[in-house]
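# Examining the three-dimensional arrangement
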Amino acid sequence: MHDDCARNRHTPLRLHGANNVCALQVVVGSQSAGKSSVLENIVGRDFLPRGSGIVTRRPLILQLINVPGEDSGDDALAGYRNPTQAALNEWAEFHHIPNRRFNDFGDVKREIENETARVAGSNKGINRQPINLKIFSPHVLNLTLVDLPGLTKVSPKHCPRRRCSPF
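Let us look at the structure shown here.

Quick notes on the rules
- Residues numbered from 1 in each chain as written.
- Predicted model: local features only at pLDDT ≥ 70, side-chain atom pairs only at ≥ 80, totals over all residues.
- Heavy atoms only, no water.
- Core = buried A, V, L, I, M, F, W, Y, C linked by side-chain atoms within 4.5 Å.
- Buried < 20%, exposed > 50% of the residue type's maximum accessible area, 1.4 Å probe, protein only.
- Helix = DSSP H or I, 4+ residues; strand = E, 2+ residues; numbered from the N terminus.
- Contact = heavy atoms within 4.5 Å.
- Salt bridge = Lys/Arg side-chain N within 4 Å of Asp/Glu carboxyl O.
- Phe/Tyr/Trp six-rings, centres within 6.5 Å; stacked < 30°, edge-to-face > 60°.
- Lys NZ or Arg CZ within 6 Å of the ring centre and 35° of its normal.
- Expected span 1.5 Å × (residues − 1).
- Arc of directions from axis to C-beta.

Bringing the nonpolar core into the picture now. Core analysis: the largest hydrophobic core is formed by 20 residues, its most contacted members being Phe47, Leu62, Phe94, Val108, Ile112, Leu133 and Ile135. Only α3 (35-43), β2 (60-66), β3 (91-94), α5 (105-120) and β4 (131-137) provide two or more residues apiece to this core. In this structure isoleucine 112 touches Phe47, Leu48, Pro49, Phe94, Ile131 and Leu133, once residues within four positions along its chain are discounted.

Shown next as structure tokens:
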């Protein structure tokens, strides 16, 4: 572990299950600006919910972990042919579901939607409790990314100001 990481062992990210967060990038921008699409392009997989209005309603701490690939038959272009199906030696894990591997990134998207609704509700409310997701792949660098809910100039009518501005 890098010395800077060792000094910051009790950061909010570490407390929520994200270890070794030295290479950390946070995606910030206005609502519907394409922040989640940038993350998907870095990973090379479709795994984040899409839609109109506020879609990212909880922070997503995304840890990319490089794992060795199979030399025989590991097709680097497989993810671009089917962006939701995991390739060999590629999977995702959620912190809130220990010991379960997701090999279908469509299932990852559905789990993000379900976990968001469970904590933030189904009325487009925003919650500061992050979702922690790890993606293991031979096609990624060791990197931690954070996707935050979009910034809005006016709070939605159904959400009190103090609840819609947690960041």
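Moving on from the coordinates now.
Okay, the pattern of salt bridges next. Here the structure, examined in full by the defined rule, presents six salt bridges. A salt bridge links arginine 45 to glutamate 90; the nearest nitrogen and oxygen atoms lie 2.4 Å apart. Residue arginine 45 is located in the loop between α3 and β2, and its partner glutamate 90 is located in the loop between α4 (78-81) and β3; the two are separated by 45 residues in the primary sequence. By the burial criterion, arginine 45 is buried, and glutamate 90 matches it. With a closest N to O distance of 3.5 Å, arginine 58 and glutamate 115 form a salt bridge. With arginine 58 in the loop between α3 and β2 and glutamate 115 in helix α5, this residue pair connects regions lying 57 residues apart in the sequence. This pair shows no difference in class: arginine 58 is buried, exactly as glutamate 115 is. Members of the salt-bridge network, linked through shared partners, are Arg58, Glu115 and Arg118.

Turning next to the packing of aromatic side chains. Given two aromatic rings, one states the distance between the centres and the angle between the planes to describe the pair. A complete count under the given rule lists three aromatic pairs for this structure. The cationic tip of arginine 101 hangs over the ring face of tryptophan 91; the distance from NZ or CZ to the ring centre is 3.7 Å.

Looking now at α5. With 16 residues, α5 extends 22 Å between its outermost C-alpha atoms, agreeing within 8% with the 22 Å of an ideal straight helix rising 1.5 Å per residue. Buried within α5 we find Phe105, Gly106, Val108, Glu111, Ile112, Glu115, Thr116 and Ala120. Contacts from the buried residues of α5 go to β3 and β4.

What follows deals with α3. Residues Lys35, Ser36, Leu39, Glu40 and Val43 constitute the buried set of α3. The buried residues of α3 all sit within an arc of 140° when viewed along its axis, so they share a single face. In the stretch just after α3, glycine 44 is the one whose phi turns positive, near 85°.

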